[in-house]
Amino acid sequence: MGKTLAEKVWDEHVVRTADGEPDLLYIDLHLIHEVTSPQAFDGLRLAGRTVRRPDLTLATEDHNVPTLDWDKPIADPVSRTQVETLRRNAEEFGVRLHPLGDVEQGIVHVVGPQLGLTQPGMTIVCGDSHTSTHGAFGAIAFGIGTSEVEHVLATQTLMQARPKTMAVTVNGSLPPGVTAKDLVLTLITHTGTGGGQGYIVEYRGPAIEELSMEGRMTVCNMSIEWGAKAGLVAPDQTTFDYLEGRPEAPKGADWDAAVAHWKTLVTDDDARFDEEIVLDASTMTPFVTWGTNPGQGVPLGGAVPDPESFEEQQDRVAAEKALEYMGLEAGTPMRDIKVDTVFVGSCTNGRIEDLRLAADIIKGHKVDKDTRLLVVPGSVRVRMQAEDEGLDVIFKEAGAEWRGAGCSMCLGMNPDQLTPGERSASTSNRNFEGRQGKGGRTHLVSVPVAAATAVRGTLSSPADLVATGSEA
Amino acid sequence: MDKFTTHTGVAMPLKRSNVDTDQIIPAVYLKRVTRTGFEDGLFAAWRNDPDFVLNRPEYAAASVLVAGPDFGTGSSREHAVWALQNYGFKVVISSRFADIFRGNSGKSGLLAAQVDEKVVQRLWDHLDDHPGATVTVDLESRTVKAGDGPDAIEDSFDIDDYTRWRLLEGLDDIGITLGHDDVIAAFEASRPSWKPATL
Ligand code: SF4
């Protein structure tokens, strides 16, 4: 019997197997940031150990960094301590670090791909659940805990039980204006937040093949939101074209050898998945969340659901609680919901393609007078590229805030936070209670919906802009 | 990790069940960037009470915690184990541990000894009669002992073989993996040269 893509990549990295023990898996790339690494380095220090492969390790500063005044010392003492600790640890253990102010600084999951460090067939880990993003290249990539971070630092390996495999096949093509974000939000509502538990998921089918690398990253990024261990997409010409010429991609004869190998990284025709889900992209529409987990979503054209409409008792209770927290009434059309803040950014939707799309929609419009729009590039490179293309001017002329690179309003750890009761439309990945700041209310949306919402002040799609003729 | 064979130390009764990790160390104490120094946060909410057992002078040097059932439930924070260790505890005895807490303990070298409920009760009674008394926990023979003479307590405790072996050998997960260094090195030698490097 043939093998799935995930099985091929896994098997290529098994250092040791023994009956009744987890596999010992070799790690090709270990990404590090300031929040989950300090105790791991401290553990090494206490045990008198070193980093086995600093040359397979990369650190950036992202979660705590401010997106304004980034040339000044970080104001919050805890954030500052974490960042300074990372700098000291990187120095002491010889790890490459892209600190605040560096041209390669940014969200760890944006930086790896853009440097060309994320490549097909690799194993990639990071002390961060959205490491699944890198699976878009046909890599096995997943988040780990701090003890595991220490284990990888010391040994460049990880003890891991072999996960089950699942295929998510998406047939058809996404209609115009419907994005990878809508696709994955639709999927999560379909499966629930635990549907992927224990699986490495391969996204496949025509709709996935048609996605850009950025779109594939958006889908893989949110694998964790429906519980999957990791998500991946088989590498193809789109992948190779994205990688070729990037700073850390193989060159010359190495490139040819690499591509030859990468082309073998597809699921064999006779391979079997433990589970399979089939979706049709052509029926998908812009999709937004109404609740406090990413599985509580509806089409933008729909309404806030009635908790009574859920079959399961626990879903009813969850919906009631969510509506109370979100300050929403059942039956309210999603398009009537007024939004205070729109956030375009994060490792889900903070790449250059996302900013281009947002600028394209915003161009010639003004941000609604009661709404603020925050545009936060995922990395300094993305920021620079956007400025080269004049996107920053479009945003600023529309009245948006153009910020520095970082996780920003994706999580309430740095100064960009919602205030209690404030409502956001956010291109990020989690709408948990308080995720964007204590008491903040989050609607997860795609980039086009975010941009159109910023203009109209209520949840909207670009089609609504044309209909109301609200061009400036 | 230090080898653990047998430990004799002052035992402190904690007569509560369902002590979750938020009670062991509240979230506000998680901001440190080291693995040490969490002793200040240990049972922080209860320590405001001068009568709380940890505040009593006879338990100042306690290193064995005798707790009620379902110890260590809740959040998976590893800090809960570190806080107990930083304070000086080497052993926690309970009739039931939360899975993640037990796993984290094994990783860090804190012995989570699971005994019958009756044994916890007898230990508590013994410690009530003799505050500041010691308890001996022998990992080799998997026994707990306290007191002497006719009232002496001696009973067995449960721990899985793998964790017991690791504790006896003083091996943490990293130590075990480093034991396979030759296999790892051989694997590294076979990696394609075009795989990316950061340096
Ligand atoms: S952008 Fe958000 S999800 Fe991504 S790494 Fe940062 S905090 Fe995590």
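Use the structure listed above.
No experiment lies behind these values; they were computed from the predicted model shown.

The rules behind each value
Residues numbered from 1 in each chain as written. Chains lettered and ligands numbered in written order. Predicted model: local features only at pLDDT ≥ 70, side-chain atom pairs only at ≥ 80, totals over all residues. Heavy atoms only, no water. Helix = DSSP H or I, 4+ residues; strand = E, 2+ residues; numbered from the N terminus. Buried < 20%, exposed > 50% of the residue type's maximum accessible area, 1.4 Å probe, protein only. Contact = heavy atoms within 4.5 Å. Areas by Shrake-Rupley, 256 points an atom, 1.4 Å probe, with all protein chains shown as cover. Lys, Arg positive; Asp, Glu negative; His and termini not counted. Charge placed at Lys NZ, Arg CZ, Asp CG, Glu CD. Buried area = accessible area lost by both parts, 1.4 Å probe. Salt bridge = Lys/Arg side-chain N within 4 Å of Asp/Glu carboxyl O. Polar contact = N/O pair within 3.5 Å; in protein donor to acceptor, adjacent residues only side chain to side chain. Pairing = 2+ DSSP bridges. Axes fitted to C-alpha atoms, helices over the stretch in contact; angles between N-to-C directions.

Trainee: Any chance you could explain the overall build of chain B here in plain terms?
Mentor: Secondary structure assignment for chain B yields 8 helices and 7 strands. Judged by the C-alpha coordinates and their principal axes, chain B covers about 70 × 40 × 25 Å. Taken across its 199 residues, chain B has 50% of its residues classed as buried. Within chain B, contacts between residues at least 6 apart in sequence are counted, and of these 69% link residues at least 24 apart. When the accessible surface of chain B is split by element, carbon and sulfur atoms take 47% of a total near 9,000 Å².

Trainee: Looking at this structure, I do not really get the overall build of chain A. What am I missing?
Mentor: Counting its regular elements, chain A contains 17 helices and 19 strands. With the principal axes as the frame, chain A shows a C-alpha extent of 60 × 55 × 45 Å. Out of the 472 residues in chain A, the part that is buried amounts to 62%. Pairs at least 24 apart in sequence give 75% of the contacts found in chain A among residues at least 6 apart. The distance from the centre of the 42 positive side-chain charges to the centre of the 68 negative ones in chain A is 4 Å.

Trainee: Would you mind going over the interface of chain B and chain A with me for this structure?
Mentor: Much of the literature gives interface size as the accessible area that the parts lose upon coming together. If you look at the interface, chain B gives 33 residues, while chain A gives 47 residues. Buried area between chain B and chain A, both sides added, is near 3,400 Å², and the carbon and sulfur share of it is 60%. When the buried surface of chain B facing chain A is broken down by residue, B:Val33, B:Trp194 and B:Thr198 rank first, second and third, together holding 23% of it. Between B:Glu188 and A:Arg53 there is a salt bridge, and its shortest N-O distance comes to 3.1 Å. Here chain B is connected to chain A by 19 residue pairs in polar contact (both at pLDDT 80 or more).

Trainee: I keep staring at the side chain of A:Ser379 and nothing clicks. Help me out?
Mentor: Residues and elements named next belong to chain A. Structurally, the position occupied by Ser-379 is in the loop between β16 (372–375) and α14 (380–388). The class of Ser-379 is buried, set by a relative accessible area of 0%. Engagement of the side chain of Ser-379 in a polar contact is seen with the side chain of Gln-114, the distance being 2.8 Å. Setting aside chain neighbours within four positions, we find Ser-379 in contact with Gln-105, Gly-106, Val-110, Val-111, Gln-114 and Ala-405.

Trainee: What's the story with the sheet that holds strand β5 (residues 134–138) of chain B in this structure? I'm lost.
Mentor: Note: strands within a sheet are paired through backbone hydrogen bonds, in either parallel or antiparallel orientation. All names here are of chain B. Here we have 7 strands laid out as an open sheet, ordered β4-β3-β2-β1-β5-β6-β7, and mixed in their pairing. What marks the edges here is a single partner per strand, and that holds for β4 (111–114) and β7 (153–156). Recorded for the sheet is a direction-independent mean angle of 25° between the axes of neighbouring strands. Relative to β4, strand β3 (residues 91–94) runs parallel, the two sharing 4 bridges. Considered in β4, the bridge of Val-92 is made with Ala-112. Those strands touched by helix α5 (residues 117–129) are β1 (6–14), β2 (64–67), β3, β5, β6 (143–146) and β7, and its axis lies near 120° from that of β2.

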